[in-house]
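Here's the letter readout for the chains.
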Amino acid sequence: MTQTIAITGATGQLGRLAIAALKTRAPGARLVALVRDPAKAADLGIEARAFDYTDPASLQAPLNGIDVLVLISSNDFNDRAGQHRNVIAAAKAAGVGRIVYTSILKGDRSPMILAQDHAATEAALAASGMVATLLRNGWYTENYTGNLAGALAAGAIVGVNAEGPVAPATRADFAEAIAVAASDAAHAGKIYELAGDEAFTMADFAAEVSRQAGKVVPYAPMPQGAYADLLKSFGLPEGFALILADSDARAGEGALFDDSRTLSSLIGRPTTPLSVAVKAALA
Ligand SMILES: NC(=O)c1ccc[n+]([C@@H]2O[C@H](COP(=O)([O-])OP(=O)(O)OC[C@H]3O[C@@H](n4cnc5c(N)ncnc54)[C@H](OP(=O)(O)O)[C@@H]3O)[C@@H](O)[C@H]2O)c1
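Please read these numbers as outputs of a predicted model, since none were measured by experiment.

*Asks:* Is there a simple way to explain the packing of aromatic side chains in this structure?
*Replies:* Inspection of every chain in the model, using the stated rule, returns six aromatic pairs. Note on Phe-77 and Phe-240: the rings are 5.4 Å apart at their centroids and 45° apart in plane angle, and the pair reads as tilted. Note that Phe-77 is positioned in the loop between strand E4 (68–71) and helix H2 (80–94) and Phe-240 in helix H9 (residues 238–251), a separation of 163 residues in sequence. When the centroid spacing of 5.9 Å and the interplanar angle of 50° are considered together, the rings of Tyr-140 and Phe-174 count as tilted. Of the two residues, Tyr-140 sits in the loop between strand E6 (132–137) and helix H4 (142–145) while Phe-174 sits in helix H6 (residues 171–183), which places them 34 residues apart along the sequence. Feature note: the residues Tyr-144, Phe-200 and Phe-205 constitute an aromatic cluster, connected by ring pairs.

Below, the structure written as structure tokens:
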């Protein structure tokens, strides 16, 4: 019987990559994009259904007939856990067979403020009694490589994390894990701590950027409060700036480090090396 897999956040960056990976990994599956704006999903080449986490009454009908629901965590921090609970309740009512949720590394014990919504969502999934697969995603490499032009212009890479190693992976690596987990029922009930194969410090990262850019771009760690102020000066809302500064401080204490290589074993290939990600970002 054809399996129907629905993906929320399908017009987001991770969601788009997950759909591309699902088309390769699960060619026999029927894919459904659950999106706020179906017009934005036209280029995905799959059925798109309107779906807004903040509108509970509208969530159940689009979930009818869905075997596996990939719930990509919201990027809206206004009661994010509540948004996720809305989706879980609707999925249960619609008879969805399994939920694959993109959580955060060490989701049940991470000290990051950012992790609180994920812990609440994991708890809601457990309380729902639904079959779930937890993909506890570490940091995206793109969080570091995404603004290299700015760092090169400023002459330094800045952050709070002074010396703690991090093990990020690219969105494409995490997207492939979604495709693997969603397309095979063997992953039901599993919890995966997902991180990149390669751990590095911010000084290592700055050295790699310097090597490829052909000029020295040092890493300059700064106090958590000063970093939050800097992010605010770039236009980030205060609450988000505080959360990001907290995340980087906790990363310095190991919150984003994992050396289990679970991600590469799940996707059957090494994760994207830092050198490759930096090269792509500088291209
Ligand atoms: N691990 C990390 O380093 C990291 C970094 C950043 C974010 N994240 C988390 O991972 C998620 C996916 O990452 P990403 O890079 O793909 O983020 P993204 O590009 O910002 O995509 C987020 C998606 O969430 C959707 N969304 C937001 N509010 C919604 C609502 N009320 N109802 C339905 N959909 C809603 C957005 O819909 P639209 O397309 O309509 O805007 C978008 O498709 C993020 O949302 C965030 O929770 C993780």
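*Asks:* Any chance you could explain the site of the ligand here in plain terms?
*Replies:* In the region of the ligand, 22 residues are neighbours, and Thr-11, Leu-14, Ser-73, Asn-143 and Arg-171 sit closest. One of the backbone N or O atoms of Gly-12 is found 2.9 Å from an oxygen atom in the ligand. One of the side-chain nitrogen or oxygen atoms of Asp-52 is found 2.9 Å away from a nitrogen atom of the ligand. Looking at the shell around the ligand, the elements that each hand over two or more residues are helix H1 (13–25) and H2. In the shell around the ligand, the residues fall into six nonpolar, 11 polar and five charged.

*Asks:* Could you clarify how one ought to interpret the side chain of Thr-262 in this entry?
*Replies:* Residue placement: Thr-262 occurs in helix H10 (residues 262–267). Looking at Thr-262, its side chain comes within polar contact range of the side chain of Ser-260, at 2.7 Å. When near neighbours in sequence (up to four residues on either side) are disregarded, Thr-262 contacts Tyr-192, Glu-193 and Leu-194.

*Asks:* Hey, could you run me through the packing of H1 against H6 in this one?
*Replies:* Two numbers describe a pair of packed helices, the interaxial angle and the distance between the axes. Where H1 contacts H6, the two axes come as close as 8 Å, and the packing angle between them is 50°. Taken together, H1 and H6 sit at an angle that is classed as oblique. The two elements H1 and H6 cross, and the hand of that crossing is right-handed. In this structure, H1 uses Gln-13, Leu-14, Leu-17, Ala-18, Ala-21, Leu-22 and Arg-25 to contact H6, whose residues at the interface are Arg-171, Ala-172, Phe-174, Ala-175, Glu-176, Ile-178, Ala-179, Val-180, Ala-182 and Ser-183. The residue inventory of the contact of H1 with H6, partitioned by class, reads 12 nonpolar, two polar and three charged.

*Asks:* I would appreciate a short explanation of the packing of H2 against helix H3 (residues 115–128) in the present structure.
*Replies:* Between H2 and H3, whose axes approach to 9 Å, the crossing angle comes to 20°. Between H2 and H3, the angle falls in the class roughly parallel. Along this stretch, H2 crosses H3, giving a crossing that reads as right-handed. Where H2 abuts H3, its residues Arg-80, Ala-81, His-84, Arg-85, Ile-88 and Lys-92 lie against Asp-117, His-118, Ala-120, Thr-121, Ala-124, Leu-125 and Ser-128. Across the contact of H2 with H3, the residue classes tally to five nonpolar, four polar and four charged.

*Asks:* Please explain H9 as it appears in this structure.
*Replies:* With 14 residues, H9 should reach 20 Å at 1.5 Å per residue; the first-to-last C-alpha distance of 20 Å fits that figure. Among the residues of H9, those classed as buried are Ala-241, Ile-243, Ala-245, Asp-246, Ser-247, Asp-248, Ala-249, Arg-250 and Ala-251. Tucked inside the fold, the buried residues of H9 contact strand E7 (157–159), strand E9 (219–221) and helix H8 (224–233).

Rules behind the numbers
- Within every chain, residues take consecutive numbers counted from 1 along the sequence as written.
- Residues qualify for local features only when their pLDDT is at least 70, as the model is predicted, and side-chain atom pairs are given and counted only at 80 or more; totals for whole chains, interfaces and linings, by contrast, use all residues.
- Working from all heavy atoms in the structure, the side-chain values ignore hydrogens and water.
- Centre distance within 6.5 Å is the pairing criterion for rings of Phe, Tyr and Trp, where only the six-membered ring of Trp is used; planes under 30 degrees apart are then read as stacked, over 60 as edge-to-face, and the remainder as tilted.
- Per the convention used, a helix needs a DSSP run of H or I reaching at least four residues, while a strand needs a run of E reaching at least two, with both numbered from the N terminus.
- Any residue with a heavy atom lying within 4 Å of a molecule or strand is counted as near it.
- Definition of a polar contact: a pair of N or O atoms within 3.5 Å, with one able to donate and the other able to accept a hydrogen when the atoms are protein atoms, and with sequence-neighbouring residues admitted only if both atoms are side-chain atoms.
- By the convention adopted, Pro, Cys, Tyr, Trp, Phe, Met, Ile, Leu, Val and Ala count as nonpolar, Lys, Arg, Asp and Glu as charged, and the other residues, Gly among them, as polar.
- When checking whether two residues touch, look at their non-hydrogen atoms; a contact exists if any pair is within 4.5 Å.
- Orientation is described by axes fitted as lines to C-alpha atoms, over the contacting stretch for helices, and by angles from 0 to 180 degrees between their N-to-C directions.
- These descriptions rest on fixed angle ranges, namely under 35 degrees for roughly parallel, over 145 for roughly antiparallel, 65 to 115 for roughly perpendicular, and the rest for oblique.
- A clockwise turn of the near helix away from the far one marks a right-handed crossing, whereas an anticlockwise turn of less than a right angle marks a left-handed crossing.
- Each helix should span, by expectation, one fewer than its residue count multiplied by 1.5 Å.
- Whether a residue is buried, partly exposed or exposed follows from its accessible area with a 1.4 Å probe, protein chains only, as a fraction of its type maximum: under 20%, in between, or over 50%, in that order.

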